[in-house]
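Understanding the architecture of this molecule
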Amino acid sequence: MTDLSYVRTEMLSEQAPPSGQQGIVKWMRANLFSSITNSILTLLALFFLYKALSGILPWVFQSSWNAKSLGECREAIAAAYGEGVEGACWAVIRERYQQLSFGFYPKELYWRPILAFILMLVAVAPVLFAGVPRKMLLFSALFPFIGFWLLWGGTIWVPVSALLGFVVAYGAAKLLPSMIGGLGATIAVILLPVIYWLLAFGPLADALSAIFPYGIESVPSSSMGGFALSITIGVTGIALSLPIGILLALGRQAPLFIVKSICVGFIEFIRGVPLITLLFVASVLLSIFLPPGSNFDIILRVMIMVTLFASAYMAEVVRGGLAALPKGQYEAADALGMNYWQTTRLIIMPQALKISIPNIVSNFIGLFKDTTLVSIIGLLDPLGLSTSIRANQEWNGIVWELYGFIALLFWIVCFSMSRYSMYLERKLKTEH
Amino acid sequence: MAMADQSTSGPSFRLSMLIYDTRYRSMTIQVFALILFLLAIGWLVNNAANNLASSGKELGFSFLSDPAGYDINQRLIEYNSQMSHGRAALVGLLNTLLVAVLGCLLATVIGVAVGVLRLSSNWIVARLMTFYIETLRNIPVLLWIILAMAIFIESFPQPNMFRGEDAEATMNLWGSVALTNRGFYIPKPLFFDGSMVVVMVFILSLVGIWFFGRWAKAKQEATGDILPSGWIKLAIFFLPAIAVFYAMGQPIGLEYPELKGFNFKGGIYMRNSLIALWLSLSLYTGAFIAEAVRAGIQAISHGQSEAAFALGLRPGRTMKLVILPQALRVIVPPLISQYLNLTKNSSLAIAVGYMDITGTLAGITLNQTGRALETLLLLMLIYLSISISVSLVMNWYNESIKMRER
């Protein structure tokens, strides 16, 4: 009796999955055509993409980079690509990109805003990336003075004397506590530099520049413009609004009724009105609230308003982070015997700020975008310049090229900021 | 004994305790802050008083009743240049509210659609929506507003291009809508005799839908039968009104815009500045609302929809009965702040010449009367009250949908 049963002794070799279950076909089935509705949506989207791209791409590439006016542009495009072809006139960017970048800044001094911009990148590097040597933070602290001096020019003694105020404060913080006690020293550290700036700063700068007249050509604010202006206002606002916002948020959380009411009143007022009304205040009203005869720079006034505006929003974001912290963190710090500022600095803020990173950065992005509003009160940021370029005889009728270029630059800055916030969130993530 | 006396009868309060004793320190700080605050306010007010006095102006709002002397091309209420500055400001305020309400509605529709589609399993649709959101969000809204206005002015045909036998431009939607560079002309509904009956029937059918909904729900809870209530509601919505419309001899008609001379006459004229502002604000805010909607839906744990499927609910009802009510709680607070942002951003109307409250009160009225302090104060107060009322209403709504925990 023979055993007819068959037992396979060797393994079957692996077989490729059916063609519908692998590669591009499977991916398309899963992601594009998983149901009837999805298939219809996919086809609609493809049709839309085809329509959009077939309109945009030829327009972008069948273009003219070399012309003096829109009419010349159209002639050049018609000559190169045939009659009736609608192409982009990038010549306007080529002709005006310097103006869009620097406004009416003197051409021979372009190196100054460019150098300031490069130095700014160097200064923010240690703030943004932990891998950069910590010693460079010293340069970051000095940069505001260097940057403003480079942009506005004038005698070098103004930024140096302004910087001396901080040196005074630092010296007071180092020396005085042992001499007159903690509280007196704290008051002195706040008061001394203020007294210095109010009384000694102006005469000192004048005297020094009279003795050593060293400076670079000064550039008036009316020549500032373009992206240089947007970036200057934006970066100043970003750098100042975070600390002010933190203080406001702490004030709002504090168990001190009067301090709390002042902070709440300020925050709610600023958040309730549009930025443009504050800019109107800066441009027409601020002089009424200052002593007669005092007149300070319009860009400085705008910076103050933008900073106040952004710091109210920042305060709310930081407050959200504070509210999200469990009460145990405060109690644990108290149990360790920390005082209020130690608790805030070492325990509360690092955690609260970490929680609020996405919102802080989206506030920064909002602030940077809001710098365009200064065009409404007559400052020549890129949008303000675009209006005058479009009113120009040669470029009358140009729309997409100009706004596309401005939009692209804003988009690059804002998009990189949002990507950076995602990177930071990932880096600081500690939970599993 | 002496010792004890000394410790109780000695000075129990010393000045230094104001600083070093935590019981009094907060008081000291507050008084100090209050004094500083009042000093600052006093300084500002004093400066303002001095400056006003030296320029010979008095603080006062009587200029509001002076004749304005300027025209407003976009108005919801009767206005002419002989009317007062106050009336002009009211016209501007109504224009602000008009664009804010229209904008919030459209932005919500766009935001919800884009936010839901961004979570779609369809790769290409999700990517397109991401592209939309990232493009809109990362470019200033003022640029969108100015760009929209520029496109309207440069790309749409002039009204006189619609003229003649072989006109360069034609009206859209079977000759009912004219898109021109001055704005859109759309048909206007005309109400003849008997139109009231149709409107009444329509309102009655809305009431009927509400009662039917209650009845259907009660029936479902009593018996478990689910009626196809969506279709029935749709039928109640349309059928009676249409039947009465024809029975009364079509008492509601449309007035079409017509080209007369150099411009269109008749119909409703939507100024291009209004449309540019409305569209760009809605598209911009829609991108932010889309992100809020996406975050809200993603905040609902996957277990909720799995549990609903396990109970046998279909995807549509899962969305409606399980996911959305919970997601709404997460969505509403950011939605409120987006509505407020849109309202405040509508002040950028001044860039395209749409006469909102900023354009009338802080624009022409300020320039004509030179009363910067009063007009800007008034403007800020108006925006503050709009913001506060919107957030009150929305917070009340938020409260009403909040989770009732036991």
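Residues numbered from 1 in each chain as written. Chains lettered and ligands numbered in written order. Predicted model: local features only at pLDDT ≥ 70, side-chain atom pairs only at ≥ 80, totals over all residues.

The next point concerns the overall build of chain A. In terms of regular secondary structure, chain A is built from 16 helices and two strands. Taken over the C-alpha trace, chain A has a radius of gyration of 30 Å; the compact-globule value for 432 residues is 22 Å, which it surpasses by more than 25%. A principal-axis box enclosing the C-alpha atoms of chain A has dimensions of 110 × 80 × 40 Å. Residues counted as buried form 29% of the 432 residues belonging to chain A. By sequence separation, contacts in chain A at least 24 residues apart represent 71% of the contacts at least 6 residues apart. (Helix = DSSP H or I, 4+ residues; strand = E, 2+ residues; numbered from the N terminus. Rg over C-alpha atoms; globule rule 2.2 N^0.38 Å. Buried ≥ 20, exposed ≤ 12 C-beta atoms within 10 Å, placed from the backbone. Contact = placed C-beta atoms within 7 Å.)

Summing up its helical and strand segments, chain B has 14 helices and seven strands in all. Seen along its three principal axes, the alpha-carbon backbone of chain B occupies a region of about 110 × 70 × 45 Å. Here chain B, with 406 residues, has 29% of them falling under the buried criterion. In chain B, of all internal contacts separated by at least 6 residues, the share reaching a separation of at least 24 is 67%.

For helix H3 (residues 22–54) of chain B, built from 33 residues, the straight-helix expectation of 48 Å at 1.5 Å per residue is met to within 8% by its first-to-last C-alpha distance of 48 Å. Of the residues one or two after H3(B), B:Gly56 is the one with positive phi, at around 75 degrees. (Expected span 1.5 Å × (residues − 1).)

This next bit is on the packing of helix H4 (residues 85–118) of chain B against helix H13 (residues 357–369) of chain B. Two numbers describe how H4(B) lies on H13(B): the axes approach to 6 Å, and their chain directions differ by 150 degrees. Residues B:His85, B:Ala88, B:Ala89, B:Val91, B:Gly92, B:Leu93 and B:Thr96 of H4(B) form the contact with H13(B), whose participating residues are B:Ile357, B:Gly359, B:Thr360, B:Leu361 and B:Thr365. (Axes fitted to C-alpha atoms, helices over the stretch in contact; angles between N-to-C directions.)

Quick look at the interface of chain A and chain B now. Taken together, the contact pairs 43 residues of chain A with 46 residues of chain B. Breaking the side of chain A that touches chain B down by element, the ones donating at least two residues are helix H2 (36–61), helix H10 (257–272), helix H11 (275–285) and helix H16 (400–428) of chain A. Of the residues forming the side of chain A that touches chain B, the biggest block, seven residues, is contributed by H16(A).

This next bit is on the confidence of the model for chain B. Residues and elements named next belong to chain B. Mean pLDDT for chain B: 84, with 95% of residues reaching 70 or above. Low confidence marks residues 1–9, where pLDDT is under 50. Its contacts with residues over four positions away, or in another chain, come to zero contacts. For this predicted complex, the interface score ipTM comes out at 0.88, while the overall pTM is 0.87. (pLDDT = per-residue confidence, 0-100.)

Turning to the environment of B:Ala327, a few remarks are in order. All names here are of chain B. As for its position among the elements, alanine 327 is in helix H12 (residues 315–345). Placed 27 residues apart in sequence, alanine 327 and isoleucine 300 show a C-alpha to C-alpha distance of 6.4 Å. If near-sequence neighbours (up to four positions away) are discounted, alanine 327 is found in contact with Gly296, Ile297, Ala299 and Ile300.

On to the sheet that holds strand S7 (residues 268–271) of chain B. Residues and elements named next belong to chain B. Strand order in this open sheet of three strands is S1-S2-S7, and the pairing throughout is antiparallel. Either end of the sheet is taken by a strand with one partner, and the two such strands are strand S1 (178–180) and S7. This sheet shows a mean twist of 15 degrees between the axes of neighbouring strands, independent of strand direction. In terms of strand pairing, strand S2 (residues 183–186) meets S7 through four bridges, oriented antiparallel. Looking at the pairing, isoleucine 186 lines up with isoleucine 268 of S7. Against the sheet, helix H10 (residues 272–299) touches S2 and S7, its axis set at about 60 degrees to S7. (Pairing = 2+ DSSP bridges.)

This paragraph deals with H12(B). Residue and element names in this part refer to chain B. The end-to-end C-alpha distance of H12 is 38 Å, clearly below the 45 Å that 31 residues give at a rise of 1.5 Å each. Taking the largest bend as the criterion, H12 deviates by roughly 45 degrees, centred on isoleucine 323, and proline proline 325 comes between one and four positions later. What H12 keeps buried is the set Ala327, Ile331, Leu335, Gln338, Tyr339, Leu340, Leu342, Thr343, Lys344 and Asn345. Contact partners of the buried residues in H12: H4, helix H6 (141–155), H10 and helix H14 (372–401). (Bend = angle between axes of the 7 residues up to and from the residue.)

Next up on the list: the confidence of the model for chain A. Any segment with low pLDDT has predicted coordinates that should not be analysed in fine detail. Mean pLDDT over chain A stands at 87; residues scoring 70 or higher make up 98%. By mean pLDDT, the top-scoring element of chain A is helix H9 (residues 226–253) of chain A (92), and the lowest-scoring one is helix H8 (residues 182–211) of chain A (80).

This part covers the nonpolar core. Core analysis: the largest hydrophobic core is formed by 135 residues, its most contacted members being A:Leu279, A:Val302, B:Ile145, B:Ile146 and B:Leu277. Those residues in contact with A:Leu279, other than ones at most four positions away along the chain, are A:Val302, A:Met305, A:Leu373, A:Val374, A:Ile376 and A:Ile377. Counting seven residues, the second-largest nonpolar core is a separate cluster that includes B:Ala178, B:Phe184, B:Phe264 and B:Tyr269. (Core = buried A, V, L, I, M, F, W, Y, C linked by C-beta atoms within 7 Å.)

Here we take up the packing of H4(B) against H12(B). All names here are of chain B. Close contact between H4 and H12 brings their axes to 9 Å; oriented N to C, the two are set at 140 degrees. By the angle class used here, H4 and H12 are oblique. Taken as a pair, H4 and H12 cross one another with a handedness that is right-handed. Residues Ala100, Gly103, Cys104 and Ala107 of H4 touch H12, and the partners they reach there are Tyr339, Leu342 and Thr343. Taken together, the residues that form the contact of H4 with H12 break down as five nonpolar, two polar and no charged. (Parallel < 35°, antiparallel > 145°, perpendicular 65-115°, else oblique. Left-handed = near helix turned anticlockwise from the far one by under 90°. Nonpolar A, V, L, I, M, F, W, Y, C, P; charged D, E, K, R; others polar.)

For the rest of this paragraph, the subject is the environment of A:Tyr340. For A:Tyr340, the location among the structural elements is in helix H14 (residues 340–370). On a C-alpha basis, the gap between A:Tyr340 and A:Tyr330 in space is 9.6 Å, while along the polypeptide they are ten residues apart.

Let's shift gears to the environment of A:Gly131. Along the chain, the position of A:Gly131 falls in the loop between helix H5 (111–128) and helix H6 (137–152). In this structure the C-alpha to C-alpha distance between A:Gly131 and A:Leu151, which are 20 residues apart in sequence, comes to 29 Å.

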